[in-house]
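Okay, here's what each chain looks like letter by letter:
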Amino acid sequence: MSNKFRKMNLVFASPIPVYEIADFERINAEIIKEIDDRMKNEAGMVRSNRSGWHSDLDFFARKEPAHRELAQKIMQCLADATQRVANKEALKNLRLECDGWVNVNPKGGYNVPHDHPGAFWSAAYYIKVPPSATGGMAGSIEFIDHRSAPPGQGLVKSPYMRSLHAMKPAPGTLVVFPSTLKHWVHPNDADEDRITIAINAKIAVDPAKMQQAKVEAAHESNRLVPGLEGPGGDAPQLPQPAAKGKKAPAKRQPAKA
Ligand SMILES: [Fe+2]
């Protein structure tokens, strides 16, 4: 009698949703000009960046047209990402609070390993990604699992046990990840600047929506909060708790667009 494999549980996943921003080529060309102007007039600041220019944390409050347009599209993606991982009932009275900043990494510039305390999501949007002069990992973002790989992983090379995962997104890509997931950016070895936007998105309780929800609770059972609405899509649905005496539905309907 042979042993029977029952199932493989995959727990403590790190969702990293990836988006391509609509009309990114035009927006990137426009925002590069706006960033050039800002760099002439703003000193910037030093955080995880080594070398390069790091703007103030005011990306979502900027008035420049391309900044505003991109900020709105990023908010839509973050809302969609939240819908894809969240309990729909929990979203009813919540909103996203975002801040962001511009990173300009010249040749040799990089970001040391760090995470983004206080946020739910963090994200990086790619405006300009010069090809590496040497190939390889230059300019890549690399995620670091705080659980180190177990001994033997170097021999086994399991895709489930590794503790590093690198990506080199193309311009127009928005990479979203849990804020607690450590990451760093490999040094840019190209002669051109690498330009990205970094984003933090907090989940906050919205008292106004809480009050409105109380009024509407008798009429709606699964309403999505406008502030968290996104493009929708084939979001995976989490099982919902069944009401007392009622059986939970087998499958929930996809989120509204
Ligand atoms: Fe970061």
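Residues numbered from 1 in each chain as written. Predicted model: local features only at pLDDT ≥ 70, side-chain atom pairs only at ≥ 80, totals over all residues.

Colleague: Whenever I open this one, the overall build of the protein confuses me. Can you help?
Modeller: The helix and strand tally for the protein stands at 4 helices and 11 strands. Burial analysis of the protein (257 residues in total) assigns 28% to the buried set. Considering only residue pairs separated by 6 or more positions, the protein has 82% of its internal contacts joining residues 24 or more positions apart. (Helix = DSSP H or I, 4+ residues; strand = E, 2+ residues; numbered from the N terminus. Buried ≥ 20, exposed ≤ 12 C-beta atoms within 10 Å, placed from the backbone. Contact = placed C-beta atoms within 7 Å.)

Colleague: What is the right way to look at helix α2 (residues 65-85) in this model?
Modeller: An α-helical turn contains 3.6 residues, so a residue and the one three or four places further along point in the same direction. An ideal rise of 1.5 Å per residue puts 30 Å on 21 residues; α2 measures up with 31 Å between its terminal C-alpha atoms. Every buried residue belonging to α2 is among H67, L70, A71, I74, C77, L78, A79, D80, A81, T82 and Q83, and all of these are buried. The inward-facing, buried residues of α2 abut β1 (18-20), α1 (24-41), β4 (94-105), β6 (121-128), β9 (173-178) and β11 (194-205). (Expected span 1.5 Å × (residues − 1).)

Colleague: Can you help me understand the nonpolar core in this one?
Modeller: Side chains that are nonpolar tend, in soluble globular proteins, to be buried together. In this structure, I74, L78, W121, A123, Y125, L174 and V176 are the most contacted members of the largest nonpolar core, which totals 40 residues. Going through the elements one at a time, α1, α2, β4, β6, β9 and β11 are the ones with two or more residues in this core. At 7 residues, the largest contribution of residues to this core is made by α2. (Core = buried A, V, L, I, M, F, W, Y, C linked by C-beta atoms within 7 Å.)

Colleague: Explain unusual backbone geometry to me, please; I cannot follow it from the model alone.
Modeller: Peptide bonds are trans in most cases, and residues, glycine excluded, mostly fall at negative phi. With a phi close to 55°, F12 is a non-glycine residue in the positive phi region. Despite not being glycine, D23 shows a phi value in the positive range, around 60°. Note on D23: 11 C-beta atoms within 10 Å, which makes it exposed.

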